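Next come the chains, spelled out residue by residue.
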Amino acid sequence: MEADSPASPGAPEPLAEGAGGEFYSLLRRIKGKLFTWNILKTIALGQMLSLCICGTAITSQYLAERYKVNTPMLQSFINYCLLFLIYTVMLAFRSGSDNLLVILKRKWWKYILLGLADVEANYMIVRAYQYTTLTSVQLLDCFGIPVLMALSWFILYARYRVIHFVAVAVCLLGVGTMVGADILAGREDNSGSDVLIGDILVLLGASLYAISNVCEEYIVKKLSRQEFLGMVGLFGTIISGIQLLIVEYKDIASIHWDWKIALLFVAFALCMFCLYSFMPLVIKVTSATSVNLGILTADLYSLFVGLFLFGYKFSGLYILSFTVIMVGFILYCSTPTRTAEPAESSVPPVTSIGIDNLGMKLEENLQETHSAVL
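Residues numbered from 1 in each chain as written. Predicted model: local features only at pLDDT ≥ 70, side-chain atom pairs only at ≥ 80, totals over all residues. Heavy atoms only, no water.

As for the overall build of the protein chain
At step 1: Along its length, the protein chain carries 15 helices and 3 strands.
At step 2: Going through the 374 residues of the protein chain one by one, you find that 47% of them count as buried.
At step 3: A separation of at least 24 residues holds for 84% of the contacts in the protein chain among residues at least 6 apart in sequence.
At step 4: Approximately 19200 Å² of the protein chain is accessible, and the part contributed by carbon and sulfur atoms is 70%. (Helix = DSSP H or I, 4+ residues; strand = E, 2+ residues; numbered from the N terminus. Buried < 20%, exposed > 50% of the residue type's maximum accessible area, 1.4 Å probe, protein only. Contact = heavy atoms within 4.5 Å. Areas by Shrake-Rupley, 256 points an atom, 1.4 Å probe, with all protein chains shown as cover.)

If you want it as structure tokens, here you go:
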């Protein structure tokens, strides 16, 4: 009895060590799932797109505030012209089914609708700032994300898991934090001339963005990046050019051109061209939804730059907002979505792993295989 007594006080130690080991093992599994090379690469690519959007926002604001130049359609027209000169011309010199004329004969009307959606989405969002408030634009612009997920569900047959909806909710919470920081910092100083019209423009623009992004994902993954950019460049140039002559010819005629204004136009066009050129590459390895979640940080980058250029007031909520959005983005990318193949004739539908976040799924499978071997 005396020999056994010393063992009783130490009995819980193996249990404690086992619980601690399980906890650290859980942490390692979470770290291995959330901070893989593919997720880090996706984060980097998403923030690169955010910086491009930040560049377009800063140059546009500089033109509007310092030089009183408000010509969003002219700025978009220059970008579409660059896409036309590079990607449309590239399609013209291709042979076979990838040739420009062959594509136009088969799908010209589809690309007209795509070009119209893309041009009007850009125009409506910018025009909405004249009618409604900054807060309304930032909040209602997020309406495009659930629209995008719904379109992906029905058109691309994307199937989401619970964690994806949680991740989207976290990202939207981060946007709400950013809007709250704007109000506390006093940036909400424009009541707008007609809030209802502005809000409707934002909702329509966000919905058109969602349509354009879903079409972009389908074309990039099923056809080619060059075909998407070439056809958007062609019809975007035509549509924006016509609209430019109708709605902005007086504004363009009143511009007092100098080298600074020209430089800002060039900077805007280059940022927008890089955004259009790189976004299909990111969408191809992830999805349109994850890209739209990643670029929610673009407004925050613009705010940080505005601290130095436009005298914005800093708030710690901006850092919190950025952190919350990035947490939601990482959560979304941590688990791949699934693609449900449509049923053919009498064969029942088969659910399989889609190409959305395929690299992360392959890495996950390799880790599981390695664990099984051990």
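Past the structure itself, the notes keep going.
Topic: helix 4 (residues 100-128)
At step 1: Its 29 residues give helix 4 an end-to-end C-alpha distance of only 35 Å, which falls more than 12% under 42 Å, the value for a rise of 1.5 Å per residue.
At step 2: At Lys-107, helix 4 shows its largest bend, some 85 degrees.
At step 3: For helix 4, the capping residue at the N-terminal end is Asn-99, with a side-chain oxygen 3.0 Å from the backbone nitrogen of Leu-101. (Expected span 1.5 Å × (residues − 1). Bend = angle between axes of the 7 residues up to and from the residue. Polar contact = N/O pair within 3.5 Å; in protein donor to acceptor, adjacent residues only side chain to side chain.)

Examining the packing of helix 2 (residues 37-67) against helix 14 (residues 316-334)
At step 1: Between helix 2 and helix 14, the least distance of the axes is 10 Å, while the angle of their chain directions is 130 degrees. It follows from the interaxial angle that helix 2 and helix 14 lie oblique. You can see that helix 2 and helix 14 cross each other, and the crossing is right-handed. Taken together, the residues of helix 14 that come into contact with helix 2 (itself represented by Ile-39, Thr-42, Ile-43 and Gln-47) are Phe-322, Met-326, Phe-329, Ile-330, Cys-333 and Ser-334.
At step 2: When grouped by side-chain class, the residues that make up the contact of helix 2 with helix 14 number 7 nonpolar, 3 polar and no charged. (Axes fitted to C-alpha atoms, helices over the stretch in contact; angles between N-to-C directions. Parallel < 35°, antiparallel > 145°, perpendicular 65-115°, else oblique. Left-handed = near helix turned anticlockwise from the far one by under 90°. Nonpolar A, V, L, I, M, F, W, Y, C, P; charged D, E, K, R; others polar.)

A closer look at the pattern of salt bridges
At step 1: For the structure on display, the rule yields 2 salt bridges.
At step 2: Across the salt bridge formed by Lys-107 and Glu-227, the nearest N and O atoms sit 2.8 Å from each other. Remark: Glu-227 occurs in helix 9 (residues 225-247) and Lys-107 occurs in helix 4; sequence separation between them is 120 residues.
At step 3: The class of Lys-107 is buried, set by a relative accessible area of 13%.
At step 4: With relative accessibility at 4%, the residue Glu-227 sits in the buried group.
At step 5: Here Glu-217 makes a salt bridge to Lys-221, at a shortest N to O gap of 3.0 Å. Of this pair, Glu-217 and Lys-221 are both found in helix 8 (residues 195-222), 4 residues apart, which corresponds to roughly one turn of the helix.
At step 6: Under the relative-accessibility criterion, Glu-217 is labelled buried at 7%.
At step 7: A residue is classified by how much of its surface remains accessible, and Lys-221, at 18% relative accessible area, is buried. (Salt bridge = Lys/Arg side-chain N within 4 Å of Asp/Glu carboxyl O.)

A short note on unusual backbone geometry
At step 1: With phi around 55 degrees, Lys-68 is a residue other than glycine that occupies positive phi space.
At step 2: If you trace the backbone, Lys-68 turns up in the loop between helix 2 and helix 3 (72-92).
At step 3: Although it is not a glycine, Tyr-157 adopts a positive phi angle of roughly 60 degrees.
At step 4: Among the secondary structure elements, Tyr-157 is positioned in the loop between helix 6 (144-155) and strand 1 (158-159).
At step 5: For Tyr-157, a relative accessible area of 31% puts it in the partly exposed group.

Digging into the packing of helix 3 against helix 11 (residues 259-285)
At step 1: Interhelical geometry of helix 3 versus helix 11 gives an angle of 55 degrees and a closest axis separation of 9 Å. Considered as vectors, helix 3 and helix 11 are oriented oblique to each other. Seen along the crossing, helix 3 lies across helix 11 with a hand that is right-handed. Counted together, Leu-74, Gln-75, Ser-76, Ile-78, Asn-79, Tyr-80, Leu-82, Leu-83, Ile-86 and Tyr-87 of helix 3 and Phe-265, Phe-268, Ala-269, Met-272, Phe-273, Tyr-276 and Ser-277 of helix 11 form the full contact between these two elements.
At step 2: Class assignment for the residues of the contact of helix 3 with helix 11 results in 13 nonpolar, 4 polar and no charged.

Some remarks on the side chain of Gln-243
At step 1: Residue placement: Gln-243 occurs in helix 9.
At step 2: For Gln-243, a relative accessible area of 13% puts it in the buried group.
At step 3: Leave out the neighbours within four places in its chain, and Gln-243 touches Met-73, Val-119, Glu-120, Tyr-123 and Glu-248.

Some remarks on the side chain of Thr-237
At step 1: With respect to the helices and strands, Thr-237 occurs in helix 9.
At step 2: Overall, Thr-237 belongs to the buried group, its relative accessible area being 16%.
At step 3: Apart from the residues lying within four places of it in its own chain, the contact partners of Thr-237 are Phe-77, Tyr-80, Cys-81, Phe-84 and Val-232.

As for helix 6
At step 1: Relative to the 16 Å expected for 12 residues at 1.5 Å per residue, helix 6 spans 16 Å between its end C-alpha atoms, a close match to the ideal helical length.
At step 2: When helix 6 is considered as a whole, its buried residues turn out to be Gly-144, Ile-145, Val-147, Leu-148, Met-149 and Ser-152.
At step 3: Positive backbone phi, at 60 degrees, marks Tyr-157, one or two positions downstream of helix 6.

Points about the nonpolar core
At step 1: Leu-83 and Met-231 are the most contacted members of the largest nonpolar core, which has 45 residues in total.
At step 2: Of all the secondary-structure elements, those providing two or more residues to this core are helix 2, helix 3, helix 4, helix 6, helix 8, helix 9, helix 11 and helix 12 (288-294).
At step 3: If sequence neighbours within four positions are ignored, Leu-83 has contacts with Thr-88, Leu-229, Val-232, Gly-233, Phe-273 and Tyr-276.
At step 4: Judged by nonpolar contacts, the second largest core, of 30 residues, contains Val-175, Met-178, Tyr-312 and Met-326. (Core = buried A, V, L, I, M, F, W, Y, C linked by side-chain atoms within 4.5 Å.)

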